[in-house]
Each structure stands twice: as structure tokens, then as C-alpha cells.
Amino acid sequence: MPAFWLRVALCLYGVGLIYALASLWGGRQVLTRITMPAVGLGMTFHFVALLENAMLSHTWAPSSMHELESLLAFLMMILFFAIYARYKATAPGLAVFPLVFLLTASAAFGATPADHGLPLFVSPQWVYMHVALILFGYSALLFSFIASILYLLQERTLKAKNTSSFWSRLPALATIDEIGYKCLIWGFPFMTLGLIAGSILAEARFGSKYFADPKVLLSILMWVVYTVLLYTRWSAGWRGRRAAYMATFAFAVAVVAWAANNLSQTHRFIGP
Amino acid sequence: MNFHLIGVNHHTAPLELRERLAVSEERLPDVVSTLVKQPGVDEGMVLSTCNRVEVLTSTRQGADLRGFLRSYFGLGNDEDDKLDSHVYEFEKREAVRHVFRVASSLDSMVVGEPQILGQVKEAYAVARGLGAVHSALDALLSRAFAVAKRVRSETAIGSSTVSIASVAVELAEKIFGSLENKTVFLLGAGKMAELAARHLMARGAGKVMICNRTYERALELAESFGGQAVPFDRMHQFTDHADIILTSMGATEPVFRKEHGEALLRVRKNRPVFFIDIAVPRNVAPEVNKVDGLFVYDVDDLQSIASKNTAERKREAERAEKIIDLEVDRFASRMKSLEVVPTILSLQEYCETIRQAEIDRIRGRLGQISPDQEAAIEAMSRAIINKLLHTPITTLKSSAAHPEAATIHEMIRRIFNLSGGKQD
């Protein structure tokens, strides 16, 4: 994977990382002004890197773990800016910037020569769709998780009546709540369609036995937890502590499902 | 050129005097036009708000602004003494500082309140429209607006609220974001509750319900808000519609306990409720605040936030004063560097006259010359002058901010015999 533009993007994301860390220590007047343009520019270079990679490998489908990380980071940035455009909220950046930085760093420096030219067993468009949909679902889940943590922090701050603490500068409780909820709702169809696309791919390759794979089972569990999370929020309006517990659980399952790749016989990020 | 300011404000003058001097919007153009006709006054503007009346001028020689105030506002002799003891007058640097402080809201009754900048801008626009403001006041005022903006963005002077009612509104916005479509329920219809409700309405709260022991008072208040009066015995039936519950009832026992709160949340599908409890003894039991999604602030909580904010404003005001110090220095040195401009101009003019005279003189002796030769003579003579003047001009410019500026300035004028034309 051509790493030059990705490394440029990484440097710019570094500004976001510093912003997130500096925010926790207080003073950040100057940083606030340069962070958004910096990460926005970083995202542009990131896109260039993705584009260049796609042209070199003649396919959009990611062919290594690192490319996947890069794509996930990019989608997270898209979601971040979508939320910023709608709510003028930079607070998710506190968690998103460090994560994006780590993912991009791993992609930029762990880059291995990709196995270009290996024949894919199904049409790459399908693979790409599956990956993009699932990654978008992951990003949405992650944002919802971040929002529920921020909600909890803001709720604690308001209850403690401590208006001068750092966390009191977070967006209004209702705004954070809406961000979390909207992310869940928007992420759900992506996750669902992504899983369906994956099942179709696996069915075509392995027949029905794919179903017993740990990765597949964990993915289904993740989907169920996601659905429950959405349902409790929608029907009972779970917020605050309970919602944060649920979101944490859902996120943990998602991470395990992601990591379960190492155990899986059928699922490979790299084409066989 | 000199800035000269005279005025009264809430610190220095009682309301009666401020009333005498206050200028209504309609009368403002007349005051300004009269002001700039005063002897010695080059430019002028008048700022009149409920807390201050100020006359700002740029003058050549001293102008009698006190006399202007006396004659324009027809103050009698006994009021003269009054005026003298209540008025403040600033010149030059101090006038600049005062204008900066006023525009940045450091001289306001509530330090950091944002309206004053708009009022200064308006007064400036009026004077400008009348042609009463040119270069000097223009430079001063546009710098003052920039300074005010800088103070606002670099300090937190205007960011915290200092009254109980506005603290309550700010907290409500921290919980609900926008207050639009939010319902406020007043339990008890005292003056404080009414004031807080008005603040909430001003920020967009959609609906008000009022419940009071005397139903008539509830009706009366509901009418003034365009809200709904709720009979006292049906109070709890209406609470689940309310996002913000403002309690101020005289009761010895809490009206809302934990179980009420939990029931409320069930009905409301966990949508948060904000209790503002300004009753003493409290109407809302403190445990209610422990329930997820319920937020209770009593009068002490609000008061302590308000006073913390007041203290913070004081700290921020100190930081703002430092910014103003810097800006006054910067502005003063800029004005100084403008002072040498007339000298530079007359120096150039003086040399140009000599050059022209010499060229005219020599042309007769040279007889017929080609256009090329003429151009060469022009170019050469210009080059000599520019090279000779280069050092004096750069010295003048660069020395403007230094203490020896006046000496250098004077010396150059004397060496080149630049009498007259000195504009100050």
C-alpha cells in the first residue's frame, strides 16, 4: 500500500490527537482553531491515499488488515464531520481523533506489500460492499458508544453541580443523546446489509457450513446486541448509565467479533 | 491632534444628573452637529445609554467640553458644581484607554455585558452619517471595535452568567440544548418564579403551566404568559408534561420525593426533567437528584454558581485590562507614526520645489535639447532628491515611537526650514 499520502494524513491527524490530549489538561485556545482544518486536510490526503491504492491494485476491495484499518479510520472521520456539520459538536473528537490516529498509524507504518494480483474468488465489488457497509456500521456503533460515555460524563457533571469542570463544556445533554441515537439508527441498516452481503459471499464460497465459524457466530451476536440496544433506546428511552452499560457491551462484542478473524477458518481479510 | 473625552456614568453620577444629560435617539444628531461646531473641535461623537453619557472629540487646541455640556443642556449655576464633581474628563492616551474599556464592556455596570458594544457602534454610525467623524476618530473607533472583539474572544468575560435566573436558563440549555418546545411548569407563582419563567420564555421555551394555592393568581399569571393554569389539587397529574419544573411553594415538607421522580421518568420514557427549586424550605427532596435523568438545583446551588461566575468575571476582567494596556500602547505608537506624515510630505514638497526651480533655470542655458535628454535630466534630479531624502524620512518614521521623536522631528523641520504647515 502506498504509504506516503497516508503518512501525510497521519501527521495532520496528529494535530487532532494533540488536541484531544491537550483538552484533558485544559488550555487549548490556539489548538481549537487549527484542529478542524488540520484533520479536514488530513482526511483529504487520506482519501488520496485510498484512491491511489485502489488504482494500483485495480480494485477497491481492501487486501490486507492495514488497508482495512485505513478505510475504517477514513469512515470514522467522515462520520465525525457529518456530526460536526449537523451539531457543531467537536466533543466526539476527544475519542475519535486518538482512535483514528492509531488506526492510521498502524496502516501507514505496518504497511506490507499487498498481495495484488491474487485472484479473488468472488467479484471484488461484493467484497468491497460487504467491507464498506460493515465498517460503516462499526463506526456508527463506535460513535454511539462514545456518545453514551460523553452523556454519562455530562450527566455526572450536571448532577455534581460543578459548572467549572472541563466536562461541563461538552455539548448539551440532549444533543449528545441525539447524536448517539441517530448514529445507532443510521448504523443499523449498514450493519445489517453488510452482514447479509457477507453471508452471501460466504454461502457462495463455502456453502452452509460457514455458519459454524466463530467469526460468523460472533458477528450475529453483535447484530443481536445492536438490535437490543436500539430497541431499549427506542421503546424505553434508555439513557445515561444503563444506556452506557449497554453500549459498552455492544462495543465489546463488536471488538471481539473484529478480532475473531484470527480464529476464523472461513473469513480472511486477504483473499485466499 | 488630541483625543478629548468628557462624560458621566453610573459610577460617577447619580441618576438625576444622568437623566438631565441623557440624549434621546431623535436628539442625537442635533447634539453631534452642535458639538462639532464648538471652537477647537475637529471631530466628535456622543454616546448616550442608560448608564452613561459621553462626549468624545478629536481637537486641535483645547476645547471647552464642560462649557459645551453646560450650555447645551442648560445646566444652571447650582448644577455647575454638581457637574464638576460628577464628570470625568480624559485626554490623549487616557481617552483612548477609556474608549477601549467602554467598548470592551469593562466599564459597564455588569462587566462583560454585550450590549454596550452595539450601542457604541450605533453612536459612531450616527456621527459618521453626519460627517462628524473623520480620520482620527475613525481610526480610534475601528481599533476600539477590534479590541472589544479581541477581549471577547481571548477572555471569558462574557461567557458566564451572574444572576440566579440566567444561571437557571443556562443549566436548562445544558440539559435540553434548545429550549424550543419545552414545557415549563411553575409550582408557586411568586415574583422570583415569574422572573425565571420570563427568562426561560425569552430563550424559546414553548409552553408554561402554572399551579398556585390561590387559583386566581395562577390564572392571572397564566394570562400574562399565554399559558395554562392548573388547579392545585391536580398538580401531580400535570407534572409529566413538564420538562422544567420550577418550584417556589411555601411548604414544610418536600412536594417531590424520590418515588414521584421515578414515576415521572417511567411515564416520560426516561426523558430528563430539570427541577429548579427556589423555595425555602425546599419543595424537592435532595434524593431526587440521585435518580438518573432528574436534575435538581436548589437556591443555594444556583447562588453558588452565580457567585463563582462573578468571581470568574473579575479574574477575566483583569486579563482584559492587560489586553487593553497592550492595545493602548500599540494605538499610541501608531498615532505617533501618523504625526510625522505632514513633515514627510512638506519635506518632499520643499525638495520638489527646489528641483523644479533648478530645472527651469538650467533649461534656458541648455538651449534646444532632445526629449531623451530632458527625460535624463528629470530622472537624475529625482534620483538625487530621493537618495538625499531617504535617510531623513526613514529616521522620522522609525523614531516615531521613541522618546527622542520630538527632538528629531523638530531638528529636521529646522534644518530644512519647514516652517508652518505643522499640523498637530
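Residues numbered from 1 in each chain as written. Chains lettered and ligands numbered in written order. Predicted model: local features only at pLDDT ≥ 70, side-chain atom pairs only at ≥ 80, totals over all residues.

Trainee: Describe the interface of chain B and chain A, naming the residues involved and giving the relevant values.
Mentor: The partner chain A presents 15 residues to the 17 residues of chain B that form the contact. When contributions to the side of chain B that touches chain A are tallied by element, the ones reaching two or more residues are α8 (164-176), β10 (294-298) and α13 (299-339) of chain B. By residue number, the principal contributor to the side of chain B that touches chain A is α8(B), which donates four residues. Residue composition of the side of chain B that touches chain A, by class: six nonpolar, four polar and seven charged. (Contact = placed C-beta atoms within 7 Å. Helix = DSSP H or I, 4+ residues; strand = E, 2+ residues; numbered from the N terminus. Nonpolar A, V, L, I, M, F, W, Y, C, P; charged D, E, K, R; others polar.)

Trainee: A description of the sheet that holds strand β6 (residues 207-211) of chain B should follow, citing residues and the corresponding values.
Mentor: Residues and elements named next belong to chain B. If you trace the six strands from one edge of the open sheet to the other, you get β7-β6-β5-β8-β9-β10, paired in parallel fashion. The open sheet has two edge strands, β7 (228-230) and β10, and neither has a second partner. In this sheet, neighbouring strand axes are inclined to one another by 20° on average, regardless of whether the strands run parallel or antiparallel. Here strand β5 (residues 183-187) pairs with strand β8 (residues 244-247) via four bridges, running parallel. Looking at the pairing, L186 lines up with L246 of β8. (Pairing = 2+ DSSP bridges. Axes fitted to C-alpha atoms, helices over the stretch in contact; angles between N-to-C directions.)

Trainee: Would you mind going over the confidence of the model for chain B in detail, with residue names and values included?
Mentor: Residues and elements named next belong to chain B. Across chain B, pLDDT averages 86, with 97% of residues at or above 70. Mean pLDDT values over the elements of chain B span from 70, in helix α4 (residues 77-86), up to 94, in strand β9 (residues 273-277). Overall fold confidence (pTM) sits at 0.67, and the ipTM for the predicted complex is 0.77. (pLDDT = per-residue confidence, 0-100.)

Trainee: How would you explain the pairing of strand β3 (residues 52-59) of chain B if you had to name every residue and give the values?
Mentor: Residue and element names in this part refer to chain B. Counting buried positions over the eight residues of β3 gives eight, a clear majority of the element. Across the two faces of β3 the burial is the same, with R52, E54, L56 and S58 and V53, V55, T57 and T59 all buried. In the sheet, strand β1 (residues 2-9) pairs with β3 via eight bridges, with the strands oriented antiparallel. Bridging across to β3, N9 finds its partner in R52. In terms of strand pairing, strand β2 (residues 41-48) meets β3 through seven bridges, oriented antiparallel. From the neighbouring strand, L47 faces β3, where its bridge partner is E54. The antiparallel pairing of β2 with β3 creates a hairpin that spans three residues between the two strands. (Buried ≥ 20, exposed ≤ 12 C-beta atoms within 10 Å, placed from the backbone.)

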